[in-house]
Amino acid sequence: MAVTPATGAAEISPDLYPSEEDLPYEEEILRNPFSLKLWWRYLIARSSAPFRRRAVIYERALKALPGSDKLWHAYLRERIDAVRGRPVSDPAFDSLNNTFERALVTMHKMPRIWLMYLASLSEQRLLTRGRRTFDRTLRALPVTQHDRIWEPYLALVSLPGVPVETSLRVFRRYLLFDPSHIEDFINFLIASRRWQEAAERLAGVLNDDSFHSIKGKTRHQLWLELCDILTRHATEVSGLKVDAIIRGGIRRYTDEVGRLWTSLADYYVRRGLYEKARDIFEEGIQTVTTVRDFSVIFESYAQFEQSALAAKIETAEEEQEEDGEGEEDGRRDGLSKLTKKFLDGFWLNDDDDTDLRMARFENLLSRRPELLNSVLLRQNPHNVEQWHRRVKIFENDPAKQVFTYIEAVRTVDPMKAVGKPHTLWIAFARLYESHNDLQNSRDIFEKAVNVNYKTVDHLATVWCEYAEMELRHKNFGRALELMRKATAEPSVEVKRRVAADGNEPVQMRLHKSLRLWSFYVDLEESLGSLESTRAVYERILDLRIATPQIILNYAFLLEENKYFEDAFKVYERGVKIFKYPHVKDIWVTYLSKFVKRYGKTKLERARELFEHAVEQAPANEVKPIYLQYAKLEEEYGLAKRAMKVYDQAVKAVPDNEKLSMYEIYIARAAAIFGVPKTREIYEQAIESGLPDNDAKKMCLKYAELERNLGEIDRARAIYVFASQFADPRSDPDFWKVWKDFEIQHGNEDTFREMLRIGRSVSASYSQTHFILPEYLMQKDQKLNLEEAVDTLKRAGVPEDEMATLERQLAPAAANSPVKNGGRMVNFVSAGSESQSDGGIRLTANNEDIELPEESDSEDDKIEIAQKNVPASVFGDLAEIVAKDEDKGADAADNGGSSLLGALERIKRQRRQ
């Protein structure tokens, strides 16, 4: 079958004729040549055929179906793939373009075909044909499809080689279609170095309040871009009010003030207006309020002055070289000669202004601290510290210092001041004083004391400085008069007038200033009489502003002048006014002075004072008073009363000081009554409820005492009792002491007894560790049952486990030995308990203790655990039984042996 292509009448190559495999498809197409489905099936079946053969099929199909978008799209894609990788000058590209043109005859409303054609033209860099094709596309497609066309169109005209005017016209047309993309146009103008139009477009954008940047730029960023264009291309941009635009940005964007001021100055520098640029720099430095902006402007200003100086020096050197090489041209016109005649030697006509520029640069650098301080004061004009620093800057210029102080005291509001505003007045007055101008210094102080400060202390400081200035110049009478005037209470009429006004100044509260009165009383002590000084002290006490130190100073003054009773009355007033801890020093001084003064002559009065002191003192402060009290009794009173005081002291001090207090008590008792007297004190200490560690130490000392006295059995009994406080695993020192004792004074039986007790104590501590967490057993004081339950709850032990542990703790606590009549309930006894018949019964433990064969321990007593029946079951009968059990327990305690064991035997031996 012969097929004539559309491009010409030449015969098709034999390779392009249908083969036998194509006959079924050809027959179907002959029957229905206008079926897209049949042509598409034919193309799929020949997908592996060469493109030339498939192109013939496409051409035949498109001739039958010229309006098929699917066929045209597939055909064009294959033709594009076929020419990909070939040079642009290849004839295949012309064939491709012709194919696109043929397709657009029927497919001119299909944007996909247009986009493929436009992309191909852009790749071929056919700029003119591409631009015309883009215009045809925009005319052919509806406006709703134009947004798909403009993006590649703009990319085409932005390529290198496209005339700028052509690109500008295309961009302007695009802005008519979509004005929101003006930023792209501005960027193109900047890239094309069209600064005038770029600045105008940017200014228009900024003036449009409804503009919204599609690129996410803020108006601040657009302002900065406009400023950069205006300043960096000052000679290329005209018609815009650059000064007004940048100043508007300075007022609006306060975070970029320094950069904008620098840009404005740079604009005038590029325009050659150097003096105007200096004015801008000075204005910027005088108006900025942040150190960062100041640093930006100052660095630019300094760089500008340095560049001007360097340029002038370089120009002068070049002129000197030119003068040396050639002779000076003598031909001058008449105007030049006349100008030289009249202006010769005038400094304004001097071209060599190098010295002037150098002076400007040095002056700028020297002004930097002053300018920086001005910036900080503009941030907060009520910053007192910055005013002091400003005065220090003018250290060598007293006139400027005076002007600075005047400006400071006028500017700073004491109610808003940061710092102490009164120091400005004081420093101002000292400035005049340092120049021997006392009259002006007094005038400054007179004005300062009338200022309404924020606190009374500031005003009192001013009065004190005023008086000190008079003292430095030997005007003692004037200083006292100033203090009397300052401490005078306002009259009733003045108070009434101030109350009506409603705004009470600090001058109304000045007469209660402790600082002022303390200074006044020091002056009276140094310059006044005793009576006047006492009057001042009494006035302080009447105003109820006294401190413990004032009380002590008043009493010392009276003592120095031999008014001892009056001094003691002052102490009495002090202890009534103040409470602990402030009154501590008064009590200690009062008691020591009283004892030193009267000794044993007024012993009863001294005892009353000490009793009163210990009643008021808290437990942690009472120890030194008791020691002082006991010393009084030892020196001037009775020894028994001294022992009584010590006895009261050991009961009053806190637990952490009981051991040291008992040691003092024992030492003094041994010194006064002898060593046997200390036995009662040792027993009292052990029974007093000392912490376990302290009780153990006390037992060791007691045992050592008995050992030195030869009472071996008594010492051994004390060791037995103290063993309950010492775990053999954590406290081996105690057991080593006991072991050495038995080796030296014991026998085989006593040594075995010691070992047995050690095993029992170790087992009891092991049981305690089983019941409670291990870290709790490291404490010296054992927890009771309630504390143990709370601790287990905090540790996260479930309720059912805690109930089991409570049942285990209860019998252990009930059977444990008790010290001082009631041992802590959760301590499992280690050792022996005394029986009414004098025998020894082993404590029942929940753990079996394996004893050696030679152990003489008794048979283990098996105890059967019993479960209590609720009392509600028995009704009233339960109450009767409980009363009988209480009576029986009381009788057992009275008739039985004490739970202290060894100590009880010691007591019985002493009674015999």
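Each chain has its residues counted from 1, following the order in which its sequence is written. For a predicted model such as this one, the threshold for reporting local features is a pLDDT of at least 70, and the threshold for listing and counting side-chain atom pairs is 80 or more; totals across whole chains, interfaces and linings nevertheless cover every residue. Derived side-chain values reflect all non-hydrogen atoms in the structure, with water molecules and hydrogen atoms excluded from consideration.

Turning to the overall build of the protein, a few remarks are in order. Secondary structure elements are defined from DSSP: runs of H or I of at least 4 residues count as helices, runs of E of at least 2 residues count as strands, and each element is numbered from the N terminus. What the protein contains, in helices and strands, is 44 helices and 2 strands. Partly exposed residues are those whose accessible area sits between 20% and 50% of the maximum for their type, while under 20% is buried and over 50% is exposed, using a 1.4 Å probe and protein chains only. Counting only residues that meet the buried cut, the protein has 42% of its 912 residues in that class. In this description, contact between two residues means that some pair of their heavy atoms is separated by no more than 4.5 Å. At a minimum sequence separation of 6, the contacts of the protein that also span at least 24 residues come to 55%. Within the structure as shown, the protein displays about 51600 Å² of accessible surface, and the carbon and sulfur contribution to it stands at 50%. Per-residue accessibility takes into account occlusion by the displayed protein chains alone, with areas from the Shrake-Rupley method and a 1.4 Å probe.

This part covers the packing of aromatic side chains. Aromatic contacts are taken between Phe, Tyr and Trp rings whose centres are within 6.5 Å, Trp giving its six-membered ring; a plane angle under 30 degrees counts as stacked, one over 60 as edge-to-face, and the others as tilted. All chains considered together, the criterion is met by 22 aromatic pairs. For the pair W72 and Y75, a centre-to-centre distance of 6.5 Å together with 35 degrees between the ring planes defines the contact as tilted. Taken together, the residues W72 and Y75, both in helix α4 (residues 69-83) and 3 residues apart, mark about one turn of the helix. Seen in terms of ring centroids, W150 and Y153 are 5.3 Å apart; in terms of plane orientation they differ by 15 degrees. Their pairing is stacked. Here Y153 and W150 lie together in helix α8 (residues 146-157), a separation of 3 residues that amounts to about one turn.

Further remarks concern unusual backbone geometry. Look at R193: it is not a glycine, yet its phi comes out positive at around 65 degrees. In this structure, R193 sits in the loop between α10 (182-191) and α11 (195-207). Within the chain, K474 stands out as a residue other than glycine whose phi angle is a positive 65 degrees. Judged by its relative accessible area of 61%, K474 is exposed.

Bringing the pattern of salt bridges into the picture now. For this document, the term salt bridge refers to a Lys or Arg side-chain nitrogen within 4 Å of an Asp or Glu carboxyl oxygen. Summed over the entire model, instances satisfying the criterion amount to 32 salt bridges. One salt bridge in this structure joins R515 and D457, with 2.8 Å as the shortest N-O distance. With R515 in helix α27 (residues 514-527) and D457 in helix α24 (residues 456-472), the pair connects residues that are 58 residues apart, well separated along the chain. D457 gets classed as partly exposed once you look at its relative accessible area, which sits at 36%. The salt bridge partner of E524 is R484, with a shortest N-O separation of 3.7 Å. One end of the pair, E524, is in helix α27; the other, R484, is in helix α25 (residues 476-487), with 40 residues separating them in the sequence. We classify E524 as buried; its relative accessible area is 2%. For R484, a relative accessible area of 38% puts it in the partly exposed group. One salt-bridge network, held together by shared partners, links E275, R278, E305 and R360.

A few words now on the packing of helix α35 (residues 655-673) against helix α37 (residues 692-708). For helices, the axis comes from a line fit to the C-alpha atoms of the stretch in contact; other axes are also lines fit to C-alpha atoms, and the angle between any two N-to-C directions lies between 0 and 180 degrees. With their axes 10 Å apart at the nearest point, α35 and α37 run at an angle of 15 degrees to one another. Overall, the two elements α35 and α37 adopt an arrangement that is roughly parallel. Along this stretch, α35 crosses α37, giving a crossing that reads as right-handed. Residues D655, L659, Y662, E663 and I666 of α35 touch α37, and the partners they reach there are D694, K697, M698 and K701. Of the residues that constitute the contact of α35 with α37, the class distribution is 4 nonpolar, no polar and 5 charged. Roughly parallel means an angle under 35 degrees; roughly antiparallel, over 145; roughly perpendicular, 65 to 115; everything else is oblique. In a left-handed crossing the near helix is turned counterclockwise from the far helix by less than a right angle, and in a right-handed crossing that turn is clockwise. Basically, the charged four are Asp, Glu, Lys and Arg, the nonpolar ten are Ala, Val, Leu, Ile, Met, Phe, Trp, Tyr, Cys and Pro, and anything else, Gly included, counts as polar.

Examined against the element boundaries, T750 turns out to sit in helix α40 (residues 748-771). Overall, the relative accessible area of 16% leaves T750 in the buried class. Leaving out residues up to four positions away in the same chain, T750 has contacts with R716 and E742.

Moving on, we come to the nonpolar core. Grouped together as the largest cluster of nonpolar side chains are 129 residues, with contacts concentrated most on W463, M698 and W738. In terms of residues, this core owes the most to one element, α24, which gives 9 residues. Among all residues touching M698, those that are not within four sequence positions of it are L659, Y662, I666, Y682, A685, I686 and L690. We call a set of buried residues a nonpolar core when its members are Ala, Val, Leu, Ile, Met, Phe, Trp, Tyr or Cys and they connect through side-chain atoms within 4.5 Å of each other.

Time to look at the packing of helix α33 (residues 623-636) against helix α34 (residues 639-652). Two elements in contact, α33 and α34, have axes whose closest approach is 8 Å; the angle formed by their N-to-C orientations is 170 degrees. With respect to α34, the axis of α33 lies roughly antiparallel. Along its contact with α33, which presents Y626, L627, Y629, A630, E633 and E634, the element α34 presents R641, A642, V645, Y646, Q648, A649 and A652. The class makeup of the residues in the contact of α33 with α34 is 9 nonpolar, 1 polar and 3 charged.

For the rest of this paragraph, the subject is the side chain of T487. Along the chain, the position of T487 falls in helix α25. For the purposes of these results, a polar contact is taken to be a pair of N or O atoms within 3.5 Å, where, inside protein, one atom must be able to donate a hydrogen and its partner to accept one; residues adjacent in sequence count only when each atom of the pair is a side-chain atom. Of note is the side chain of T487, whose polar atom sits 2.8 Å from the backbone oxygen of M483. Side-chain polar atoms of T487 contact the backbone oxygen of R484, separated by 3.4 Å. The contacts of T487, once residues within four sequence positions are left out, are H511, L516, W517 and Y520.

Okay, the confidence of the model for the protein next. Residue-level pLDDT values for the protein average 74, and 77% of them are 70 or greater. Values of pLDDT, which run from 0 to 100, indicate the predictor's confidence residue by residue. In the predicted structure, residues 1-10 sits below a pLDDT of 50 and forms 12 contacts with residues beyond four places in sequence or in another chain. With pLDDT under 50 throughout, residues 330-335 is counted as low confidence; its partners more than four residues away or in other chains account for 1 contact.

Helix span, expected: 1.5 Å multiplied by one less than the number of residues in the helix. Its 14 residues give helix α9 (residues 164-177) an end-to-end C-alpha distance of 20 Å, which sits within 8% of 20 Å, the value for a rise of 1.5 Å per residue. Looking only at α9, the buried set comprises S167, L168, V170, F171, Y174 and L175. Along α9, the residues classed as buried sweep out an arc of 165 degrees about the axis, all on the same side. The exposed residues of α9 that point more than 90 degrees off its buried face are R169 and L176. Turning to α9, the residues buried within the fold contact α8, α10 and α11. In this description, one arc is meant: the one made by directions from the helix axis to the C-beta atoms.

This next bit is on the environment of T231. Structurally, the position occupied by T231 is in helix α12 (residues 219-232). Among residues more than four places away in sequence, those in contact with T231 are I246, S263, L264, D266, Y267 and R270.

This paragraph deals with the environment of A460. Following the sequence through the fold, A460 ends up in helix α24. The spacing of A460 and R515 is 55 residues in sequence and 6.6 Å in space, taken between C-alpha atoms. Residues within four places of A460 in sequence aside, it is in contact with L510, S513, R515 and L516.

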